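Below are the chains, spelled out letter by letter.
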Amino acid sequence: GSKIPESLGMSGSISVAAAGDTAANRPFSLKTQRRANGAEPLARFGEAKKVLGDIYAEVNTYVDELNGFYEDLSGDSNPSAVVKVSDEQRAGLKELSASIRIIRETFQRDHMKVVFFGRTSNGKSTTINAMLHDKVLPQGMGHTTCCFLQVEGCSDDLGYLKRDDLEEKLPLADLRSYGNALGDDDRELPASGGYNRTLRVFHPRTSADGNVNRLLQNDVVIVDSPGVDVSPEFDSWIDAHCLDADVFVLVSNSESTLTNAEKQFFHRVSQRLSKPNIFVLNNRWDASASDGQETANMVRKQHEQRLKEFLVDELHVCTEREVKERVYFVSSREMLEARLKEMGKAERAFQQEGHGERRNEFEKFERVFEQCISRSAIHTKLEAHNRRAIEIVSRMRENCDAVQLAMGDQKRDRLLAMEEHSSAFARCREEFGRFEQACRLQTERLRAEVHVKVSADISEEIQRLSVIMDKFERAFVDEPVDIKEFKKELSKFVDEYLTSDLEARCTGGLMTRIWNIENSMFQCVKSLLPEEYQPKLEEVWRYRAPFKFQICINVPQLTADFHEDLEFRFTLGLSAIIRRLVAYRMGQPVTAIRGNLLSFKQDVEAAAAEGGNVAADAEAAMMSQMVLTSATYLANGGVGLGLVGLVVYRAIGWKVLASVGAVYGGLYAYERLRWNNSAKEQHLKEQFRAHLATKMQNVAAAHTSHCETQAARDLEQVYEGLRATVGGVHRDMKDKVDEQKKAIEGVDKTLKGLGAIKGKTAFVLSSLEKFATDYLRSDSPTS
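About the cut-offs
- Residues numbered from 1 in each chain as written.
- Predicted model: local features only at pLDDT ≥ 70, side-chain atom pairs only at ≥ 80, totals over all residues.
- Heavy atoms only, no water.
- UniProt positions renumbered as here; feature names shortened; annotations may be inferred.
- Core = buried A, V, L, I, M, F, W, Y, C linked by side-chain atoms within 4.5 Å.
- Buried < 20%, exposed > 50% of the residue type's maximum accessible area, 1.4 Å probe, protein only.
- Helix = DSSP H or I, 4+ residues; strand = E, 2+ residues; numbered from the N terminus.
- Contact = heavy atoms within 4.5 Å.
- Salt bridge = Lys/Arg side-chain N within 4 Å of Asp/Glu carboxyl O.
- Axes fitted to C-alpha atoms, helices over the stretch in contact; angles between N-to-C directions.
- Left-handed = near helix turned anticlockwise from the far one by under 90°.
- Nonpolar A, V, L, I, M, F, W, Y, C, P; charged D, E, K, R; others polar.
- Pairing = 2+ DSSP bridges.

By the naming in an unreviewed UniProt entry, the protein chain is Dynamin-type G domain-containing protein, taken from Pristionchus fissidentatus. According to the UniProt record, the Subcellular location (unreviewed entry) comment for the protein chain reads "Mitochondrion outer membrane".

This is the structure we're talking about:
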């Protein structure tokens, strides 16, 4: 190929200032920048690594976001969460998070790795130094490299060494002592492991004069090995240093042919790696200058034929067309010394005839090598990470799908539960409204029943007053003080008897009815409520006291105006008849009328002087005045009565009149003879009974109404208790409906959050697909 400028050499160093100026002039794409600095194939791996690293960082962010999302949903700190994520899903997500962390840690250590193999003194170290534009590794005649030397780039101004058995950094100047088999300090290396030991050489990516080493700058790791002819430990070498290699460079001596040791080594490599990328450098081709062009061409064709048979027919690592890109004839010594001279590190350079062609072939090797190692590293290192990223995102989406499916089931269950609760709530309210109407009708019916029952019981008790008073056994003494005490105790006895008897009769007759009504109310309400709320109703009902009427006849108050009349009064006498007329006119018992009507006016005045109630006796005073007026008329009409009597006498005869008079007198005499203490007691009781009966009839309606009110109030209390309980149940049912609504809103919010995260993962999948298109597919751009 044609020679390219040194500043753009495929393996040369470039000026940092020049690269900086180019990047500062105008914004370039990464591909444009790679072309500008001539390092596009190598930089492509770094670019791909950065792109995939950014994708992994994005995936890690989304996994952390989803993990935090799950923690908020399932954590103990959030007991009110409406959605719970299963432990299986949470554990699966944590596994993904741990996988991403391990991959990212591994990802940072990924690099392009090339391993140089060959027999001792074939120029492996010299070739590496030529590619690095500096004498980094010890080189020379004989067995020079005593262990595996791994060259890596570092950001320090001065390089350093690191041994397998030591953590401390060693000076780079000690490389010739530790890594050179000819060094005096080779004995200081650990004896165990033989040549399979590794000495890591960290070389500055940027030299002191500002030149950038492109290989090391672009994350290329170069491994120099001892000669394959110094140890048969091929398998351990391959396991320790070759399994992650992207390119193998076999440095052979063009003055001889491939040895069995070299072939055997690569046969072992091909058994462990699928189609390894192998380059063969026929080094020391400068020796062909002394043999003439014709001989050199014949030797070259011989090498090419044998290498083609080895690579194509034996190893099957490339095709016949590709083998031309894998075999080169170079002089590493010429290339190294020419580059050191150009950099001012050497005064003269070793050169033989045809060195320009060998230089061009070396540079061609570098170009093809860089393209191959970049492409290989991308496929071997990043393709697996890309597949793993797709797998992680797919598992993450499956995890989200599983949670979404579970949440969908939860939402469906909650919707059904909310519908059931809403229907039960509406049905309970509607039926309780009908129950309230039935309660009002039942209360009215009960009032009517109480009215009939209590009225009948009071009437019966009035009829039984004489029987009740016959049970009063106190001795009667016809003395004013004793009579007063007799009346007081009689009224108290009758009051207690009537009260207990009426309460027992009314309650006994209606208690079962009232209990049945209240029990039917309880059972009706119980049937309205869901089963889970029925125990609350039973607690209210369990401690309810039985109903009992409270009746207060208050006989002493009813008989406060009772005035006994124990003077003998003939039943058909004028005074008795007038008293009965006055009592009828006043609507009061005759015993409420004072005994001496003619002195009533003075009694009223005396009562007024004592502060009594004059208005209450106004009608009685009027009746007294009427009696006096009637007596006056009777006296003034005496003559008329005489004339009337004379006419009657003549009409019926004196015998009839005498008989009537005799009967009248006999009745008078009979009543007068029977008037004793026993008669007075009986007469007092009869007067008391008649007085109390009249009073009780007057207040019977009030007592009946009071009992109706008591029964209605008892039902009202039951109703209020049931309504309060049902009200609490309604609130609980309403709260459950609201809770279900809130839970459904929470599920919807969670589903929306999961959908947003899944949407983000869709962008990640598209990024991974684009990464595969740009870097992994056969038709992706390479250079």
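Still more to cover.
**Student:** Would you take a moment to explain the nonpolar core for this structure?
**Tutor:** Taken as a class, soluble globular proteins show a tendency for nonpolar side chains to be buried jointly. Membership of the largest hydrophobic core comes to 75 residues, with the highest contact counts inside it found for Val-114, Ile-222 and Val-249. It is helix H13 (residues 355–463) that contributes the most residues to this core, 16 residues altogether. Discounting residues that sit within four places of it in the chain, Val-249 has contacts with Val-114, Val-115, Phe-116, Phe-117, Phe-279, Leu-281 and Phe-365. The next biggest cluster of nonpolar side chains, apart from the first, holds 55 residues, and it includes Phe-425, Met-469, Ile-517 and Val-718.

**Student:** Looking at this model, I keep getting lost on the pattern of salt bridges. Mind explaining?
**Tutor:** When the charged atoms of two side chains with opposite charge come close together, those side chains can pair. This model, assessed by the stated rule, comprises 37 salt bridges. In this structure, Arg-434 engages Glu-430 in a salt bridge whose closest nitrogen and oxygen atoms are separated by 3.2 Å. Residue Arg-434 and its partner Glu-430 are both found in helix H13; the two are separated by four residues, about one turn of the helix. Look at Arg-434 and you get partly exposed, because its relative accessible area is 46%. Several salt bridges share partner residues, and in doing so they unite Glu-71, Asp-87, Arg-90 and Lys-94 into one network.

**Student:** Would you mind showing me how to read the packing of helix H5 (residues 124–132) against helix H12 (residues 332–342) here?
**Tutor:** For any two helices packed against each other, the geometry is given by the interaxial angle and the distance between the axes. The contact between H5 and H12 brings their axes to 8 Å, and the two run at 35°. Considering only the axes of H5 and H12, their crossing is left-handed. Contacts from Thr-126, Thr-127, Asn-129, Ala-130 and Met-131 of H5 reach H12 at Ser-332, Arg-333, Met-335, Leu-336 and Arg-339. For the contact of H5 with H12, the class distribution of residues is four nonpolar, four polar and two charged.

**Student:** Looking at this structure, I do not really get the pairing of strand S8 (residues 220–224). What am I missing?
**Tutor:** The side chains of a regular strand alternate, first on one face of the sheet and then on the other. Of all five residues making up S8, five are buried, and the element is well covered by its neighbours. Residues Val-220, Ile-222 and Asp-224 line one face of S8 and the alternating positions Val-221 and Val-223 line the opposite face, and both faces are buried. Note: strand S2 (residues 112–117) against S8, five bridges, orientation parallel. Opposite Met-112, over in S8, you have Val-220 as the bridge partner. For strand S3 (residues 148–154) and S8, the ladder comprises three bridges, and the chain directions are antiparallel. Within the sheet, the bridge partner assigned to Val-151 lies in S8 and is Ile-222.

**Student:** What's the story with unusual backbone geometry in this structure? I'm lost.
**Tutor:** One can expect most non-glycine residues to show negative phi and most peptide bonds to be in trans. For His-133, which is not glycine, the phi dihedral falls at a positive 60°. Relative to the elements of secondary structure, His-133 occurs in the loop between H5 and S3. Despite not being glycine, Arg-284 has its phi angle at roughly 65°, a positive value. Relative to the elements of secondary structure, Arg-284 occurs in the loop between strand S10 (277–283) and helix H10 (293–314).

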